[in-house]
Amino acid sequence: MNLNKLIVVSRSVKFGRNLFAARGACLHHFQSRRSIRSSARSLTYAKDLFLGKVNKAEVFPYPEISNEELEEINQLVQPVEKFFNEDVDSTKIDHDAVIPPETLNGLKELGLFGIQIPEEYGGLGLSNTMYARLGEITSLDGAIAVTLAAHQAIGLKGILIAGNEAQKAKYLPKLATGEHIAAFCLTEPGSGSDAASIQTRATLTEDGKHFLLNGTKFWISNGGWADIMTVFARTEVVDTDGQKKDKITAFIVERAFGGIASGKPEDKLGIRGSNTCEITFEDTKVPIENVIGEVGGGFKVAMNILNNGRFSMGSAGAGMIKRLIEMTSEYACTRKQFSRSLSEFGMIQDKFATMTLNAFVMESMAYLTAGMMDRPGVPDCSLEAAMVKVFSSEGSWICVSEALQVLGGLGFTKNYPYERYLRDCRILQIFEGTNEILRMYIALTGMQYAGKILTGKIKEMKKGNVGVVFEILGKKLKDSVVRTVDFGLTGKDGVVHPSLTESAKMFEQNAAHFGSTVERLLYQYGKTIVEEQLVLKKVADVLINLYAMTAVLSRTSRSISIGLRNHDHEVLLTNTFCKDAHFKNNFLLTQLQKNSPENNDANIKKIAQEVLAKRAYVCSHPLDRTF
Amino acid sequence: MNTPRQLLRIQCIARFLGTPIQRVIPPTGAHLQTPGTQHKYGQLLRPLHCSAVCSTSRPSQTPLEKTVEAETLKKDRSLVTHDDLFERAARDSKTKADFNRVVDVFSKKDIRRRGHVEFIYAALKKMPEFGVERDITVYNKLLDVFPKEVFVPRNFIQRMFNHYPRQQECGVQLLEQMENYGIMPNVETKVLLAQIFGEKSHPMRKYQRIMYWFPKFKHANPFPVPHVLPSDPVELARFSLTRIADDLDAKITIYQYPSTDITETGEEVMRPHIVGIQSPNQRTLLAKHNPSRPVFVEGPFPLWLRKTCVHYFLLRADPIPSEETVEEEFDLEMMGPEQSLFYPQRLELDLERDMGDDFRFDVDDVKEGPVYAMCMAGQGDQVTLSQWISGLQETCPILGQIPTVFRLESGPRELQTTSDAQQTPEQEVETDPIIEEEPLHSQRVKQ
């Protein structure tokens with residue numbers, strides 16, 4: 001794909017060697033994984049869960065980085081952390097709704113505008129894993145994190161992954177230093193998440209050397225100060241069969257091309273320091289060389305940018321919660337109530353446990369996904385990345401709210417940063433695809449994958465093919481008699497550490513149950529499952545839980561094996577989380593059963609329909625009378 | 001009402017009292033006219049209440065009271081006399097005050113309230129005439145005419161049998177009329193009934209049943225029509241159109257307010273109101289209409305709002321023939337699985353919903369043409385409706401290119417005012433066939 005990947009290849013070879021040295025327990029297993037890797041990489045973890053398969057080779061052992069990389073990243077992290085602690089005044093940024101230029105300059109000097117841009121173009125050339133590590137720190141200020149993410153996670157990613165050499169050489173160096181700031185222009189007033197209704201149009205000029213860009217883009221992060229924009233617009237493309245069709249094309253647009261007007265920055269609830277505004281293009285002349293990829297191929301570009309940019313939200317959320325835990329525990333241990341410190345109260349302890357668990361799981365998921373993405377080949381981690389985003393955005397919201405609650409009324413005031421964190425992290429559930437849309441994406445992508453493989457079998461069953469029916473009945477009978485499911489996570493050649501056996505068993509049970517549930521759902525709904533959003537939501541939730549369980553099991557197994565500090569605490573966290581997730585999954589899977597009494601979906605839908613038909617709350621007031 | 005049972009009871013009482021029943025009670029049980037027997041019961045059972053205080057010496061007597069006096073003096077006290085009483089009172093005006101005056105006069109005339117059952121029946125009949133049929137206070141006032149505590153049973157035998165059947169019947173009848181007009185009794189009614197008939201009497205039971213069912217049915221209609229409709233025709237049209245459209249997005253446009261112009265020649269020119277309604281969906285449908293196919297303005301169609309009938313007109317088209325329906329094209333890249341930017345809009349699977357889970361009903365869909373807009377106008381002629389169409393063109397310019405056919409039946413040209421709204425539906429039906437016999441001469445094509 002590009003040089004970055006090549007570097008990663010060489011790194012991962014080293015990383016493999018390290019693992020060999022570090023641990024013997026998983027040796028056999030690792031070898032088998034390497035041999036698979038040498039062939040074309042086709043394994044996918046999350047998608048295979050839909051088939052009831054656990055591709056342990058994908059997620060065990062937990063990905064590592066080499067010692068050199070670790071040293072490198074630690075060297076980078078220190079000054080960045082120092083900068084954020086000393087030179088960034090988040091309260092002021094939030095209040096003035098603007099990031100001061102000196103702060104921006106500081107960020108530029110640290111190279112934070114070109115984290116993933118290869119070194120030859122003047123960037124830091126870091127891997128996804130290391131990008132996630134830096135994300136932990138930048139997330140301490142929501143506005144800066146969003147500005148940086150809009151710049152490099154989506155704004156210039158198009159050039160990085162699909163641009164040609166000339167484009168890279170022309171644009172990347174200035175973007176890497178932060179001299180130019182990038183923005184990603186996809187959303188339009190008429191199309192929020194419905195990218196198919198893009199109205200911005202690019203028409204080829206008569207000389208065939210330029211495109212004329214016309215239209216309006218909405219809610220563009222960095223829109224006010226971006227110099228380079230990745231813009232998606234409709235273009236007319238002649239099909240293979242000679243028909244003219246509208247296709248989406250991606251363009252690199254410089255503000256210098258002219259005809260670009262940015263609107264007033266939006267006044268937002270959170271991330272107030274980031275710049276969000278409307279951009280209008282009026283006959284902007286874009287040279288034909290500035291098309292990213294090929295004309296009409298913009299959709300794939302957009303998809304790749306969005307699908308793989310989400311994983312870093314996990315580490316960002318974890319970074320923020322870790323900081324919050326430090327701040328609130330300080331308060332909880334010093335504040336006295338009824339002559340006891342707050343930390344002695346069970347309900348306060350509960351909050352800290354929630355925060356710790358969430359941070360731990362988010363972190364595990366984020367780095368597992370980042371590690372998977374850093375592997376050679378063209379990994380398809382879009383499902384995993386989406387799951388990380390959904391889990392961490394919701395977890396962050398809960399944790400910040402709990403942290404604020406520990407402080408009670410103080411947390412509600414502007415004297416403390418909690419209210420700002422609360423406002424800032426609300427956006428996580430909204431941007432880069434709302435959580436609802438991502439849940440649909442997660443569930444449907446998996447369903448499609450499983451459906452393709454299972455269609456034949458289900459059709460045979462429906463036809464009443466005796467052989468298939470007996471085979472399935474036999475399998476069900478066997479399952480009910482031999483209650484244990486074994487994916488080989490534990491035991492002799494197991495990849496999970498023995499102290500996590502119980503949790504691993506819970507995971508295996510859930511995974512097997514999930515596979516059979518997916519099959520039943522496909523049998524029941526077929527392709528009409530697209531319309532069953534409440535079912536899909538549950539499917540997505542189960543999958544997210546499964547992936548989270550995988551991540552913590554994998555991470556803790558590694559920690560125990562190599563003897564990381566406080567790994568016993570990790571064991572505790574893992575067992576707690578897995579048990580919790582196991583029962584949640586059981587409940588969700590029970591709800592997904594046919595005619596399940598636990599399932600309230602029909603009622604939920606009806607309530608909403610009745611309210612929406614009236615567009616108001618329909619109940620009479622409790623004080624109303626009829627006589 | 002359990003008439004046979006009551007009949008039996010009355011006979012029982014009659015036999016018990018030694019008085020033979022000589023008349024047949026009508027099955028409706030509505031008008032129990034037994035001028036003779038009532039006095040006998042009263043005299044037999046409550047001799048103490050027969051104090052004869054006559055009010056002839058009252059100083060100020062209105063003419064109405066005088067007639068009442070005269071009536072009471074006459075031996076023949078029948079229902080007709082009470083009817084007369086109301087008619088006399090209503091000679092110049094029929095209002096609530098007049099009605100109340102009559103009731104007052106009757107109540108004050110005689111402490112024994114002789115003939116009160118007949119009076120109440122007569123009053124109930126006259127209530128709609130005086131426009132008080134929906135007034136709970138008037139019903140309570142009528143109930144108040146009954147003497148108190150006289151009809152309350154005092155021992156178990158009285159309680160067991162139908163005590164004072166005519167009076168109870170009358171009380172039930174009064175409550176029934178309230179029920180028919182949808183008037184809910186109030187606490188005062190209850191107190192009065194308890195005072196007059198006692199806690200477990202038939203009227204009290206009736207009251208309890210009404211109070212059980214009425215609140216339950218009060219909001220049974222999800223689309224209530226107010227008792228008093230707006231008098232302004234524009235407001236009335238607005239109400240009616242939103243009622244038909246039932247789309248919260250639909251927007252009312254008033255194309256013309258009613259006004260009267262005087263031309264140079266001194267003629268009065270009425271400009272009728274034109275009120276239209278169109279929803280955004282209808283607008284987009286109209287914008288997609290194939291201009292080579294005509295649209296039709298049809299009407300008038302009646303809409304009944306309680307006793308008022310209003311008429312509306314439709315702008316509609318014929319159903320689109322199947323060869324012209326354009327299937328929405330899916331751009332696979334944007335909608336298909338593993339392609340879509342956010343999530344697939346459909347799956348590429350060869351699996352349908354399982355038969356056991358297909359709860360759809362097998363419904364035969366009748367293809368109907370789209371309705372693009374509705375309107376109500378003061379006049380149903382082509383000139384007025386053309387104005388509506390040209391008003392619609394402002395939002396839908398394509399309408400200018402579409403041939404518009406007016407298929408108007410020469411129905412009522414004017415909106416019915418509330419005064420002739422008293423016309424009953426039966427009368428309306430009678431006039432309709434005449435209209436239909438006329439040829440559809442007004443079919444013309446506007447280019």
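Residues numbered from 1 in each chain as written. Chains lettered and ligands numbered in written order. Predicted model: local features only at pLDDT ≥ 70, side-chain atom pairs only at ≥ 80, totals over all residues. Heavy atoms only, no water.

## A word on the overall build of chain A
Our working definition: To qualify as a helix, a DSSP run of H or I must reach at least 4 residues; to qualify as a strand, a run of E must reach at least 2; elements of each kind are numbered from the N terminus. Atoms counted for the radius of gyration: C-alpha only. Globule rule: 2.2 Å times residue count to the power 0.38. In this scheme, a residue with accessible area under 20% of its type's maximum is buried, one over 50% is exposed, and one in between is partly exposed, where area comes from a 1.4 Å probe on protein chains only. The criterion used for residue contact is that any of the two residues' heavy atoms lie within 4.5 Å. Under the convention used here, a 1.4 Å probe and the Shrake-Rupley method define accessible areas, while residue burial counts only the protein chains that appear. Residues scored as charged are limited to Lys and Arg (positive) and Asp and Glu (negative), so that His and the chain ends carry no count. Every charge is mapped to an atom, namely NZ of Lys, CZ of Arg, CG of Asp or CD of Glu.
When helices and strands are tallied, chain A shows 23 helices and 10 strands. Scaling as 2.2 N^0.38, a compact globule of 627 residues should have a C-alpha radius of gyration of about 25 Å, and chain A matches this with 26 Å. For chain A, the spread of C-alpha atoms along the three principal axes comes to 85 × 75 × 75 Å. The buried share of chain A, taken over its 627 residues, is 54%. In chain A, the proportion of contacts linking residues at least 24 apart, taken out of those at least 6 apart, comes to 75%. With an accessible surface of roughly 27,800 Å², chain A has 55% of that area assigned to carbon and sulfur atoms. Distance between charge centroids for chain A: 6 Å, based on 73 positive and 70 negative side chains.

## Some remarks on the packing of aromatic side chains
Note the cut-off: Each pair of aromatic rings taken from Phe, Tyr and Trp, with Trp reduced to its six-membered ring, is defined by centres within 6.5 Å and is described as stacked if the planes are under 30 degrees apart, edge-to-face if over 60, and tilted in the remaining cases. Lysine and arginine charges are scored as sitting over a ring when NZ or CZ, respectively, is within 6 Å of the ring centre and within 35 degrees of the ring normal.
In total, this model carries 22 aromatic pairs over all chains according to the counting rule given. Both rings, one in Tyr416(A) and one in Tyr418(A), keep their centres 6.3 Å apart while their planes meet at 25°; by these two values the pair is stacked. We classify Tyr416(A) as partly exposed; its relative accessible area is 30%. Look at Phe301(B) and Tyr312(B): their rings are 5.6 Å apart centre to centre, the planes differ by 45°, and that puts the pair in the tilted class. Taken as a pair, Phe301(B) in strand β5 (residues 295–305) and Tyr312(B) in strand β6 (residues 308–317) lie far apart in primary sequence, 11 residues in all. Exposure remark for Phe301(B): the relative accessible area of 28% places this residue in the partly exposed category. Put simply, the rings of Phe86(B), Phe99(B), Phe106(B), Phe119(B) and Phe130(B) pair up and form one aromatic cluster. Above the plane of the ring of Phe113(A) lies Lys108(A), whose end atom (NZ or CZ) is 6.0 Å from the centre.

## What to know about the interface of chain B and chain A
Basically, it comes down to this: Two parts lose some accessible area (1.4 Å probe) when they are put together, and adding that loss for both gives the buried area. In the sections that follow, a salt bridge refers to a side-chain nitrogen of Lys or Arg positioned within 4 Å of a carboxyl oxygen of Asp or Glu. Residues adjacent in sequence count toward polar contacts only when both atoms are side-chain atoms; beyond that, a polar contact is any pair of N or O atoms within 3.5 Å, and within protein one must be able to donate a hydrogen and the other to accept it.
Facing the 29 residues of chain B at the interface are 48 residues of chain A. With both sides pooled, the region where chain B packs onto chain A buries about 3,700 Å², and carbon together with sulfur makes up 60% of that total. Inspection of the region where chain B meets chain A yields 4 salt bridges. In this structure, Glu532(A) and Arg353(B) form a salt bridge, with 2.6 Å as the shortest nitrogen-oxygen distance. Our enumeration of links across chain B and chain A arrives at 9 residue pairs in polar contact (both at pLDDT 80 or more). Secondary structure elements with two or more residues in the side of chain B that touches chain A: α11 (202–217) and α14 (332–335) of chain B.

## Considering the UniProt feature "domain: ACAD9/ACADV-like C-terminal" (unreviewed entry) in chain A
Stated formally: UniProt positions are given in the numbering used here, feature names are shortened, and annotations may be inferred rather than shown by experiment.
The UniProt entry lists residues 498–616 of chain A under the feature "domain: ACAD9/ACADV-like C-terminal" (unreviewed entry), expressed in the numbering used here. As annotated, residues 498–616 of chain A comprises 79% helix and 0% strand, and the C-alpha atoms at either end are separated by 56 Å.

## With respect to helix α8 (residues 128–138) of chain A
Residues and elements named next belong to chain A. Most of α8 sits out of view: 10 of its 11 residues are buried. Looking only at α8, the buried set comprises Asn128, Thr129, Met130, Tyr131, Ala132, Leu134, Gly135, Glu136, Ile137 and Thr138. Against α5 (67–86), α9 (142–155), α13 (312–334) and α14 (346–374) lie the buried residues of α8.

## So, a positive patch on the surface
Formally: Patch definition: residues with relative accessible area over 30% and no salt bridge; like charges joined within 9 Å; nonpolar side chains (Val, Leu, Ile, Met, Phe, Trp, Tyr) joined within 5 Å.
Taken together, Arg159(B), Lys200(B), Arg205(B) and Arg209(B) make up a surface patch of like positive charges. Among the residues examined, Arg159(B) registers a relative accessible area of 52% and is labelled exposed.

## Details of the packing of α8(A) against α14(A)
Residues and elements named next belong to chain A. Let me state the cut-off plainly: All axes here are fitted lines through C-alpha atoms, helices being fitted over the stretch that makes contact, and every angle between N-to-C directions spans 0 to 180 degrees. By definition in this entry, angles of less than 35 degrees are roughly parallel, angles greater than 145 are roughly antiparallel, angles of 65 to 115 are roughly perpendicular, and the rest are oblique. Classification convention: Asp, Glu, Lys, Arg as charged; Ala, Val, Leu, Ile, Met, Phe, Trp, Tyr, Cys, Pro as nonpolar; all other residues, Gly among them, as polar.
For the pair α8 and α14, the least separation of the axes is 7 Å and the interaxial angle reads 150°. It follows that α8 is roughly antiparallel to α14 by the angle criterion. Between α8 and α14, the residues in contact are Asn128, Thr129, Ala132, Arg133 and Glu136 and Glu363, Tyr367, Ala370, Gly371, Met373 and Asp374, respectively. Class assignment of the residues belonging to the contact of α8 with α14 gives a composition of 4 nonpolar, 3 polar and 4 charged.

## Topic: helix α6 (residues 116–130) of chain B
Because each turn of an α-helix spans 3.6 residues, side chains separated by three or four positions in sequence point in the same direction. All names here are of chain B. Selection criterion: Any helix carries an expected span of 1.5 Å times its number of residues minus one.
With 15 residues, α6 should cover 21 Å at 1.5 Å per step; its first-to-last C-alpha distance of 19 Å lies within 8% of that length. The buried count for α6 comes to 12 of 15 residues, which makes it a mostly enclosed element. When we look at burial in α6, the residues that qualify are His116, Val117, Glu118, Phe119, Ile120, Tyr121, Ala122, Ala123, Leu124, Lys126, Met127 and Phe130. Glycine 131 lies just past α6 and shows a positive phi near 70°.

## A few points about unusual backbone geometry
In most cases, non-glycine residues show a negative phi, while peptide bonds are predominantly trans. Omega for the peptide link from Phe60(A) to Pro61(A) comes to -10°, which places this bond in the cis form. Position of Pro61(A) relative to the elements: it lies in the loop between α4 (56–59) and α5. Looking along the chain, the bond that leaves Gly299(B) and enters Pro300(B) is cis, with omega of -10°. Assignment of secondary structure puts Pro300(B) in strand β5. Within the chain, Asp283(A) stands out as a residue other than glycine whose phi angle is a positive 50°. Along the chain, Asp283(A) falls in strand β7 (residues 276–287). Residue Asp283(A) is classed as partly exposed on the basis of its relative accessible area of 46%. Positioned with a positive phi, Arg113(B) is a non-glycine residue whose angle comes to about 50°. Positionally, Arg113(B) belongs in the loop between α5 (96–109) and α6.

## Things to note about the pairing of strand β4 (residues 228–238) of chain A
Two faces make up the sheet, and in a regular strand the side chains alternate between them. Residues and elements named next belong to chain A. Spelled out, the test is: Should DSSP find at least two bridges between two strands, the strands are regarded as paired.
Within β4, 9 of the 11 residues are buried, leaving the element largely enclosed by the surrounding structure. Note: strand β1 (residues 182–185) against β4, 4 bridges, orientation parallel. Within β4, the residue paired with alanine 182 across the bridge is isoleucine 228. In this sheet, strand β5 (residues 244–254) lies alongside β4 in antiparallel orientation, the contact comprising 11 bridges.

## Some remarks on the domain arrangement of chain B
Cut-off, in case you're wondering: Boundary definitions for the domains trace back to an automatic or database domain assignment.
Looking at the assigned domains, one finds that chain B contains domain 1 (82–218) and domain 2 (222–322 + 367–410). Here the C-alpha centroids of domain 1 of chain B and domain 2 of chain B sit 48 Å apart.

## Brief notes about the side chain of Thr249(A)
Residues and elements named next belong to chain A. Considering the arrangement of structural elements, one finds threonine 249 in strand β5. Of note is the side chain of threonine 249, whose polar atom sits 2.8 Å from the backbone nitrogen of glycine 296. Excluding residues within four positions of it along the chain, threonine 249 makes contact with Val231, Phe232, Ala233, Thr235, Val291, Glu294, Val295, Gly296 and Gly298.

## Topic: the pairing of strand β7 (residues 371–377) of chain B
All names here are of chain B. When you tally the buried positions in β7, you get 6 out of 7 residues, the bulk of the element. Of the strand pairs in this sheet, strand β4 (residues 274–278) and β7 are connected by 4 bridges, and their pairing is antiparallel. Each residue of the ladder has a partner; that of isoleucine 277, found in β7, is methionine 374.

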